[in-house]
Amino acid sequence: MFAFRNFLSFRSQSFSLRIPILLMAICIFAAHDGFCAPPAPTCAKPPAIAARLASHPDAQAWIDLGNGFGERRQFACAQQAFRSGLRLVPGSAQLNYLLGLSLYESEDFDKAVPPLQRSIKADPSVLKPHLLLASIDARLARPADAETEWRAALQIDPSSEIALRGLSQALLAQGKVAEEITFLNTVHLDDDLTIDLALAYTRNGQLEQAVDTVSKAVDAAPDSVKLVNTLVTLYIKVSRTFDAQKIAEKSYQLHPDDFSAQISYLRTLVVNGDWGPAIPLGKKVIAENPNAFDALYLEGVLERQSGDYPAARQHLMAAVAQDPKLANLRANLGITLEQLHENVYAKLELEQAIELGDKDPETHFALANVLRASGDADGARQEMARYQTAVKEKDAGALAVSKSSEATLALDKGDTQKAVQLYREAFAATPKDALLGYKLSVALDKAGDTDGEQAILEQVITLNPTIALAQNQLGYLESRRGNYSSAESHFREAVTSAPAFTQAWISLAATLGMESKFPEAQQAVANALHLDPQNTEAQQLRHDLTAAQGQQPH
């Protein structure tokens, strides 16, 4: 527990509270009854401080008075005291900070900003005003402003956990995925930052890196429920559902009373259709957490599978009321309503599920049944055709996942030819999967088939031109052939898609140098060094560019 005075020290750099309750003042508990002391009805000054203010009204006396009011959660009184102090020393960094803090505690966030800005202007070297202002910007959904303050805080204290976590969240909120990956690869990762990095990799289409990151963290901290839960989710995303169930079960056995561990394990049981242990666990979870979204959703799915459609309807509808935008949830509710012959509502739910992105063949099959029962024979035929297409796509996706997993194992064992063949089969099954195509190109590169690699990379960027790794590799291949103009184009696409891709900036700088575009080359290498000041390749390239530019005729 922290009282108001515990965080009023202006210069202290020690900080332990986490976002979003940064600097939160906690009420003082009476030792005998555990209840918060009620606020005083008026801003009554303690006699000792009243005497000090009468005889010598200096700023410190007003600070002490404001601190006392803050400890009693009389924030309006604290603000009066700090404003009185500011009338004596309007440029005081400390008093402006304390005023901003008291306004923050009153949840008057907009009014807290100006005094905090004045505090920072008066003394930008103090950590806490930056942390508090960044926290306010984050709460007010101003991630760009928050990023500025988090970075300023890290300049003061590079090890500040609050600032590290805050900057990570600000970058994710702005969609700066490449910058987030670069940033988190330069700092020590705790559990939260590890999860942030995995999220960034996932958003960047690098699921294997996400899995590897969290898997290593779980190996180091197997008792961390949040890390295990994250790895479970990732395993499900990459279709390693039985691996997901294995680690989720172990975590549940270690933490049987942890709701998140219960849900994580139950989810894997449902995904794998392991109904035996799933049914009693579902009953336990819903009994103990009758209003929790995950409990309602998963229990509803279990009841639908067991044929208890009225119960499934009740739980799934309650879950939809909490999250109406989850496609699979709406599909489960629609299928349940179809079984209950509530065709009007079933049609609405199934169509909504498809609109939200549900691709499960069962959803189309159920909708076809509803349309047929409603007399819409043409609609039913069209939906059955979509069902058959969805079955083929699902089978192709399952084949691609299986072949890709085999290919990854083959590549790890050094059997590149087998890996190439398996990746080709996987990519042929799902030819619109750009990331799978990129994996095939990597295998071709290791096999020394540069022509085949280039052909696949061209397909990849046609499918998705924002895959920076593919653009960078194409640039490399073109530069090897002496096609510098084409190489430059690919490197530019790479740094546009991933502005924090240091190697792409270096490659672009080198290519521009080969084209004698020295000012642009120097700017590109400067960008690389801004991202990684200790990068020896970039440092050497800058030296070489400067020397080459000096040798040019004037």
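Placed above this text is the structure.
All of these numbers come straight from a predicted model, not from anything done at the bench.

### Some words on the overall build of the protein
Along its length, the protein carries 29 helices and zero strands. Taking the principal axes of the C-alpha coordinates as reference, the protein spans close to 90 × 85 × 45 Å. Expressed as a percentage of the 554 residues in the protein, the buried residues total 45%. The contacts of the protein with a sequence gap of at least 6 include a subset with a gap of at least 24, amounting to 49%. With the model as given, the accessible surface of the protein reaches about 27,200 Å², and the carbon-plus-sulfur share is 54%. In the protein, the 51 positive side-chain charges and the 67 negative ones have mean positions that sit 4 Å from each other.

### Comments concerning helix 4 (residues 93-105)
Helix length check: helix 4, at 13 residues, gives a terminal C-alpha distance of 18 Å against a target of 18 Å (1.5 Å per residue), a fit within 8%. Burial within helix 4 is extensive, with 12 of its 13 residues counted as buried. Check the buried side of helix 4 and you find it contacts helix 2 (59-71), helix 3 (75-88), helix 5 (109-122) and helix 6 (127-139). Where helix 4 starts, the residue carrying a side-chain oxygen 3.4 Å from the main-chain nitrogen of Q94 turns out to be S92. Count one or two residues on from helix 4 and you reach E107, which has phi positive near 60°.

### Details of the environment of G205
One can find G205 in the loop between helix 10 (191-203) and helix 11 (207-220). As a C-alpha pair, G205 and L435 span 230 residues in sequence and 7.1 Å in three-dimensional space.

### Looking at the packing of helix 8 (residues 161-173) against helix 9 (residues 177-184)
Their axes nearest at 8 Å, the elements helix 8 and helix 9 cross at an angle of 160°. Classified by the angle their axes make, helix 8 and helix 9 are roughly antiparallel. Judged by the twist between their axes, the crossing of helix 8 over helix 9 is left-handed. The residues of helix 9 that touch helix 8, namely those facing L164, L167, S168, L171 and L172, are E179, E180, F183 and L184. Its residues assigned to classes, the contact of helix 8 with helix 9 shows six nonpolar, one polar and two charged.

### What about the pattern of salt bridges?
Tallied over the entire structure, the rule returns 30 salt bridges. With a shortest N-O distance of 2.3 Å, D196 and R165 are connected by a salt bridge. Of the two residues, D196 is situated in helix 10 and R165 in helix 8; the sequence distance between them amounts to 31 residues. The exposure class of D196 is buried, given its relative accessible area of 4%. In this structure, a network of salt bridges that share partners links the residues E488, R492, E515, K517 and E520.

### Quick look at the environment of G414
Residue position: G414 is located in the loop between helix 21 (377-412) and helix 22 (416-429). Sequence separation between G414 and T182 is 232 residues; the distance between their C-alpha atoms is 29 Å.

### Thoughts on the packing of aromatic side chains
The description of an aromatic ring pair uses the distance of the two centres, along with the angle that the planes make with each other. In the structure shown here, the tally under the stated rule is four aromatic pairs. Taking 5.3 Å as the distance between ring centres and 25° as the angle between the ring planes, the aromatic pair formed by Y252 and Y265 counts as stacked. With Y252 in helix 13 (residues 241-254) and Y265 in helix 14 (residues 259-271), this pair connects stretches of sequence that are 13 residues apart. Across the pair, exposure class does not vary: Y252 and Y265 are buried alike. Look at F365 and Y387: their rings are 5.2 Å apart centre to centre, the planes differ by 55°, and that puts the pair in the tilted class. Linking F365 in helix 20 (residues 361-373) with Y387 in helix 21, this pair joins segments that are 22 residues apart in sequence. With relative accessibility at 36%, the residue F365 sits in the partly exposed group. Y387 sits in the partly exposed class, given a relative accessible area of 24%.

### Considerations on helix 7 (residues 143-156)
In this model, helix 7 (14 residues) spans 20 Å end to end at C-alpha, consistent with the 20 Å of a helix rising 1.5 Å per residue. A146, E147, E149, W150, A153 and L154 are the residues of helix 7 that are buried. Lining the buried residues of helix 7 we find helix 5, helix 6, helix 8 and helix 9.

### A closer look at the nonpolar core
One broad trend across soluble globular proteins is that nonpolar side chains are buried collectively. Counting residues in each nonpolar core, the largest one holds 69 residues, and the members touching the most others are L131, W150, F183, L266, L281, Y297 and L329. Look past the residues within four positions of L281 in its chain and what remains in contact with it is Y252, Q262, Y265, L266 and L269. By size, the runner-up hydrophobic cluster in this structure holds 28 residues, among which are I63, L86, L99 and V113.

### Some points on the state of the cysteines
As used in these notes, a disulfide is a covalent bond between sulfur atoms, one from each of two cysteines. All told, the structure shown has one disulfide when counted by the stated rule. A sulfur-sulfur separation of 1.9 Å characterises the disulfide bridge that pairs C43 with C77. Looking down the S-S bond of the C43 and C77 bridge, the torsion is -80°, so its handedness is left-handed. Taken together, the positions of C43 in the segment before helix 1 (47-55) and C77 in helix 3 put the pair 34 residues apart, joining distant regions of the chain.

### Overview of the environment of V211
Tracing the backbone through its elements, the reader meets V211 in helix 11. When residues no more than four places from it in sequence are discounted, the contact partners of V211 are L231, L234, Y235, V238 and R240.

### As for the packing of helix 24 (residues 450-463) against helix 25 (residues 468-480)
One can describe the packing of helix 24 onto helix 25 by two numbers: an axis separation of 10 Å at closest approach and a directional angle of 140°. If you check the angle between helix 24 and helix 25, you find them oblique. The crossing of helix 24 and helix 25 is left-handed. Residue-level inspection shows T450, E453, Q454, L457, E458, V460 and I461 of helix 24 in contact with helix 25, the latter providing A470, Q471, Q473, L474, L477, E478 and R480. In terms of residue class, the contact of helix 24 with helix 25 is built from six nonpolar, four polar and four charged.

### What about unusual backbone geometry?
Residue A141 is not a glycine yet carries a positive backbone phi of 60°. Locating A141 in the fold gives a position in the loop between helix 6 and helix 7. Assessed through its relative accessible area of 62%, A141 is described here as exposed. With a phi close to 60°, S516 is a non-glycine residue in the positive phi region. You can see S516 is positioned in the loop between helix 27 (502-514) and helix 28 (518-531). Residue classification places S516 among the partly exposed residues on the basis of a relative accessible area of 43%.

Reading the values: rules and limits
- Residues numbered from 1 in each chain as written.
- Predicted model: local features only at pLDDT ≥ 70, side-chain atom pairs only at ≥ 80, totals over all residues.
- Heavy atoms only, no water.
- Helix = DSSP H or I, 4+ residues; strand = E, 2+ residues; numbered from the N terminus.
- Buried < 20%, exposed > 50% of the residue type's maximum accessible area, 1.4 Å probe, protein only.
- Contact = heavy atoms within 4.5 Å.
- Areas by Shrake-Rupley, 256 points an atom, 1.4 Å probe, with all protein chains shown as cover.
- Lys, Arg positive; Asp, Glu negative; His and termini not counted.
- Charge placed at Lys NZ, Arg CZ, Asp CG, Glu CD.
- Expected span 1.5 Å × (residues − 1).
- Polar contact = N/O pair within 3.5 Å; in protein donor to acceptor, adjacent residues only side chain to side chain.
- Axes fitted to C-alpha atoms, helices over the stretch in contact; angles between N-to-C directions.
- Parallel < 35°, antiparallel > 145°, perpendicular 65-115°, else oblique.
- Left-handed = near helix turned anticlockwise from the far one by under 90°.
- Nonpolar A, V, L, I, M, F, W, Y, C, P; charged D, E, K, R; others polar.
- Salt bridge = Lys/Arg side-chain N within 4 Å of Asp/Glu carboxyl O.
- Phe/Tyr/Trp six-rings, centres within 6.5 Å; stacked < 30°, edge-to-face > 60°.
- Core = buried A, V, L, I, M, F, W, Y, C linked by side-chain atoms within 4.5 Å.
- Disulfide = S-S within 2.5 Å.

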